[in-house]
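So you can see what is in the structure, the chains are spelled out below.
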Amino acid sequence: MRGHQLSILTLGLATTSAFAQTHKPGSFEDGGDTLVSAMMMFVGNNDKVYMLDKSEANPTKINGYPAMGVAYDIATRTATPMLVKTNVFCASGMHLPNGSFITLGGNGAVGPGGDKGSVNDGWTGSYDATFGDLDGGPAIRIVDPCTDADDINSPKCQWFDDPTLLRMQKRRWYAGTEALADGSLAIIGGFVNGGYINRNYPNTDPATEGGAAEPTYEFYPSKGQAQNMQFMIDTSGLNAYALTYLMPSGQMLVQANVSTMLWEPLTNTEHRLPDMPDNIARVYPASGANAMLPLTPANNYTPTVIFCGGSDMPDDAWGDYSWPSIDTFNYPASAKCHRITPEPTDGSAVDYVADDDMIGGGRTMGQFIALPDGQYLLVNGGLNGTAGYATQTRQTLSYSDMPYGMSLAAGPQFQPALYDPSKPAGQRWSNAGLDASTIPRLYHSSAILLPDASVLIAGSNPNVDVNMTTFFPTTYKAEIFYPPYFSAPVRPVPTGIPATLSYGGSPFDITVPASSYSGDANDAASNTTVVLNNTFTVNKDGSFVLHTAQMPPNANANLFQPGPALVFVTINGIPSNGTHVIVGNGQIGDQPTAAASTLPGSVRLDGAAGGSAPQANQGTNSNNSTDSSDAVQFTPHTMLMGVVVGAFALFSVLGA
Ligand SMILES: [Cu+2]
């Protein structure tokens, strides 16, 4: 694959203003028309978000057929249709080491009303003459993100989407996908075709469900024949979009149904962990919010994963491929949260720990967005029910009696909330000062962090095809949410962030000018959230230099798989704009590592401050050299500092 052009980095920095644009903190703004309903989206770079939809009767056409994809321009909040040939409903996706994005699987070709394509074998459509879509079941689609400097319609900006040339071994709808340390992808399980949950009922063939379930995993690029995963068989039914997190050891946390394991991907060895408490399912279609908490030097980069919401419906209520057994839209979603630390470094036993209940009741299809101030924004979803859609349940037998049309969820959760993992238990949730949205965001809604640290929210379509008149209609309207840190009059404007980060190796210096923060420089330089280790030097003009380590090499690339990231410098809880960087060497394969970066001690300087003209009040030397004898305090220990590396592979299919 071609390396991704990174020259946008310098451009972005050169044009960054120290002064925050005026956006009301805690508010939603109109994000424009996305043209397709954003079932899935990802940030390509500082300019573009890519959105994908299932094949349906979107009024926006490309080559004469309904569009399934767009490139969304962040600055102008406008979308441009892009040609996607194979039905993306419901693929998984991930960034590759060079910054490209890949989506895997989907469903057969469909036509109007979700009917199988006009060319079909009786089960699966291979093409539909009305919608013009091809079978997406085994599809592998790859795009190299383009910037404002490119013509989005030029060949190099287009999706590669040709299953005759590149495809998976198996058909996979709702497969789980997780990157390994070499940047290759494990692709796990899925349905062979669509359905509500991945089983017949009674469940007499949990492995293959008579050919409807796909209990295997495979890799991209291939590492050999697809193999059975026993965990997929044991979690039959509720095992689609398995929740996966790579751990420092290279084992993968895999959670599905109410089961949990650590899996060794290269040997297919399973180590079972305790079940999820209280019979709560978090995978699709229970669709709980989940996230990895910040990895910091303070926690020795030990991953903890949090799961919130989902559903504790009894096993028989989930029904089968066709529909649920009960009226899910009347069944309250869970409000509970649980944490697990799968590989503790202190010898403690591995088990789930109850965390604070979510604020504002239960939530299915909620979504966590990791913010660069270390907090997590929770948006979207519903108070009752599950993801998915159906024309009936086993309780409500006629579509005309379904109270919310095809939606299996109800009670849209309009109110965002913030979760602060650093607060003591009992105080972690808050929604003070946060406006509520007015747009229901249920099945196939999505949210993602933008490079300016705002949050793009889009999609929602609990319908088999476009329906603008039902209870929860197909939604094309996007919103942009501005977290509370948008109250800051100025935001940090760091310079010196490199285009690539390595695993270990020489540290680099980031400079923060005095004009881009307020208050005492020592406080600012020492008071932040962290991911990368660093120290600092405060200068007399109020600027300071962050001596910043590369990615910690101790877990090789397991801790943060190679690929794109947004780097933020966060001072006193106020983040800079994110800078798009590539972590690793940009290629699939073993990543080069070096010894952990050695940092100089921190240098404090009393009297230096930000927010105004230089305030040099110590000594007579008016330059800002860091080795000045005016530096009044030397801190030999390593300080925790404010560079947050956020994965922006914050893949956001909700409900999904
Ligand atoms: Cu979906």
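Please refer to the structure placed before this passage.
Overview of the structure. (Residues numbered from 1 in each chain as written. Predicted model: local features only at pLDDT ≥ 70, side-chain atom pairs only at ≥ 80, totals over all residues.)

### Concerning the overall build of the protein chain
Part 1 of the argument: Looking only at helices and strands, one finds three helices and 45 strands in the protein chain.
Part 2 of the argument: Across the 656 residues in the protein chain, those meeting the buried criterion constitute 57%.
Part 3 of the argument: Across the protein chain, contacts joining residues at least 24 apart in sequence account for 68% of those joining residues at least 6 apart. (Helix = DSSP H or I, 4+ residues; strand = E, 2+ residues; numbered from the N terminus. Buried ≥ 20, exposed ≤ 12 C-beta atoms within 10 Å, placed from the backbone. Contact = placed C-beta atoms within 7 Å.)

### Focus: the pairing of strand S26 (residues 376-379)
Part 1 of the argument: Along S26, one buried face is formed by Tyr376 and Leu378 and the opposite face, lined by Leu377 and Val379, is buried too.
Part 2 of the argument: Here S26 pairs with strand S29 (residues 417-419) via three bridges, running antiparallel. From the neighbouring strand, Leu377 faces S29, where its bridge partner is Leu418. (Pairing = 2+ DSSP bridges.)

### Considerations on the sheet that holds strand S22 (residues 305-308)
Remark on secondary structure: sheet strands pair via backbone hydrogen bonds, oriented parallel or antiparallel.
Part 1 of the argument: A sheet is described by the order of its strands in space; here four strands give the open sequence S21-S22-S23-S24, paired in antiparallel fashion. Where the open sheet ends on each side, the last strands, each with one partner, are strand S21 (289-292) and strand S24 (353-355). This sheet shows a mean twist of 25° between the axes of neighbouring strands, independent of strand direction.
Part 2 of the argument: Two elements, S21 and S22, share four bridges in a ladder whose sense is antiparallel. Note on S22: the bridge partner recorded for Ala291 is Ile306. (Axes fitted to C-alpha atoms, helices over the stretch in contact; angles between N-to-C directions.)

### A few points about the sheet that holds strand S12 (residues 140-143)
Part 1 of the argument: Pairing in this open sheet of three strands is antiparallel, and the strands run S8-S9-S12 from one edge to the other. A single partner strand is all that each edge strand has here, and the edge strands are strand S8 (92-95) and S12. The sheet shows a mean angle of 20° between the axes of neighbouring strands, direction not considered.
Part 2 of the argument: Summarising the sheet, strand S9 (residues 101-104) and S12 pair through four bridges and their orientation is antiparallel. Its bridge partner being in S12, Leu104 is matched across the sheet by Ile140.

### Focus: the nonpolar core
When a protein is soluble and globular, its nonpolar side chains tend to lie buried together.
Part 1 of the argument: Val49, Met51, Ile369, Val455 and Leu456 are the most contacted members of the largest nonpolar core, which totals 162 residues.
Part 2 of the argument: Broken down by element, this core gets its largest block of residues, six residues, from strand S39 (residues 563-571).
Part 3 of the argument: Structurally, this core is a two-domain feature, drawing no fewer than three residues from each of domain 1 (8-488) and domain 2 (500-645).
Part 4 of the argument: Val455 has contacts with Ile369, Leu377, Ala447, Leu449, Leu450, Ile480, Phe481 and Pro483, leaving out every residue within four places of it along the chain. (Core = buried A, V, L, I, M, F, W, Y, C linked by C-beta atoms within 7 Å. Domains from an automatic or database assignment.)

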